[in-house]
Amino acid sequence: MGSTSMELTVSALSPDEKYTLISDCVVPRPIAWINTQNTSGIVNVAPFSYFNIVSNEPMIVSVSINRRHDNALLKDTARNILQTGECVVHLPSRDHALQVNASAAAFAPNESEATALGLALTPSTAVKPPRLADCGIALECRLHMHVEVGDPVVADLILLEVIHLGVADDLLIDGRIHPEPLDPLSRLGGADYAIVGERFIIQRPK
């Protein structure tokens with residue numbers, strides 16, 4: 001990198017410029033591929049990359065879901081979680097990339113992405129929304145907290161408590177989930193996705 005830098009005043013940027021820059025800065029981002037079920041029983045499947053760990057005790061993860069730009073309405077996933085209090089968060093692998101991307105399309109609320117995309121479902125253990133049968137990791141979650149972001153509201157920050165964890169047998173090795181067999185898919189900026197590259201170990205200081 002060069003010795004000079006470009007200074008950007010955030011308040012002078014358009015919403016699209018802000019989205020592009022922050023999405024390019026914070027990379028790679030893990031993907032939460034979330035199953036929810038509406039009050040009519042229709043299964044919604046959608047990916048979100050504003051996703052991370054909050055705490056381990058209790059085990060809580062966060063997902064931020066931007067509202068629809070045209071009228072600031074809740075997206076189906078957020079609405080279903082707030083109405084039912086439950087969801088399943090999957091960690092997709094490289095093999096799921098095309099399906100993950102396809103599930104990001106604007107399906108109608110009464111249309112199931114699982115049905116439209118041919119995604120096989122299997123019952124969950126502790127929540128009503130089913131799991132994606134082909135995913136190696138499924139976090140069955142209950143709503144812990146909801147925070148509306150912005151004035152007017154532009155996003156919904158949702159904290160989810162993981163109450164049950166499903167892990168494929170070949171992913172759990174000596175009590176740990178290793179990245180190589182998981183082959184997790186992640187998001188970069190723009191239309192770019194990524195997978196885990198070179199891995200190295202540095203022991204944390206005591």
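Conventions used here
- Residues numbered from 1 in each chain as written.
- Predicted model: local features only at pLDDT ≥ 70, side-chain atom pairs only at ≥ 80, totals over all residues.
- Heavy atoms only, no water.
- UniProt positions renumbered as here; feature names shortened; annotations may be inferred.
- Helix = DSSP H or I, 4+ residues; strand = E, 2+ residues; numbered from the N terminus.
- Rg over C-alpha atoms; globule rule 2.2 N^0.38 Å.
- Buried < 20%, exposed > 50% of the residue type's maximum accessible area, 1.4 Å probe, protein only.
- Contact = heavy atoms within 4.5 Å.
- Areas by Shrake-Rupley, 256 points an atom, 1.4 Å probe, with all protein chains shown as cover.
- 1 Å grid on protein atoms, 1.4 Å probe; cavity = no way out; pocket = protein on both sides within 12 Å on 5 of 7 lines; lining within 4 Å.
- Points joined across faces, edges and corners; volume = space filled by probe spheres on them.
- Nonpolar A, V, L, I, M, F, W, Y, C, P; charged D, E, K, R; others polar.
- Pairing = 2+ DSSP bridges.
- Axes fitted to C-alpha atoms, helices over the stretch in contact; angles between N-to-C directions.

The name an unreviewed UniProt entry assigns to the chain is Flavin reductase family protein, from the organism Iodobacter ciconiae. Under the Cofactor (unreviewed entry) heading, UniProt states for the chain: "FMN". For the record of the chain, the UniProt heading Sequence similarities (unreviewed entry) holds the text "Belongs to the flavoredoxin family."

Caption draft 1: Highlighting the overall build of the chain. For the chain, the count of helices and strands is 5 helices and 14 strands. Here the C-alpha atoms of the chain give a radius of gyration of 18 Å, agreeing with the 17 Å that 2.2 N^0.38 yields for 206 residues. Taken over the C-alpha atoms alone, the chain extends approximately 55 × 45 × 35 Å along its principal axes. Burial statistics for the chain: of 206 residues in total, 38% are counted as buried. Counted over contacts in the chain with a minimum sequence separation of 6, partners at least 24 positions apart contribute 60%. For the chain, the exposed surface amounts to about 12,600 Å²; the carbon and sulfur share of it is 55%.

Caption draft 2: Here's a closer look at empty space enclosed by the protein. Under the criterion given, the structure shown has 1 cavity of 30 Å³ or more. Its volume calculated, the largest cavity comes out at about 30 Å³. Residue lining of the largest cavity: Asn38, Ile42, Val43, Asn44, Asp76, Arg79, Asn80, Pro109 and Glu111, and that is the complete set. The leading source of residues in the lining of the largest cavity is helix α2 (residues 76-84), at 3 residues. In the lining of the largest cavity, the residues fall into 3 nonpolar, 3 polar and 3 charged.

Caption draft 3: The sheet that holds strand β10 (residues 155-167), seen in detail. Across the sheet, 7 strands lie side by side as β3-β2-β6-β9-β10-β5-β4; this open sheet has antiparallel pairing. In the strand order of this sheet, the two ends are held by β3 (43-48) and β4 (51-56), each with one partner. With strand direction ignored, the average angle separating the axes of adjacent strands in the sheet is 35 degrees. Judged from the 7 bridges that link them, strand β5 (residues 59-66) and β10 form a sheet pairing that is antiparallel. Each bridged residue has a counterpart across the sheet, and for Asn66 the counterpart in β10 is Ala155. Running over the sheet, α2 touches β2 (32-37), β3, β5, β6 (86-90), β9 (137-149) and β10 and is turned about 55 degrees from β2.

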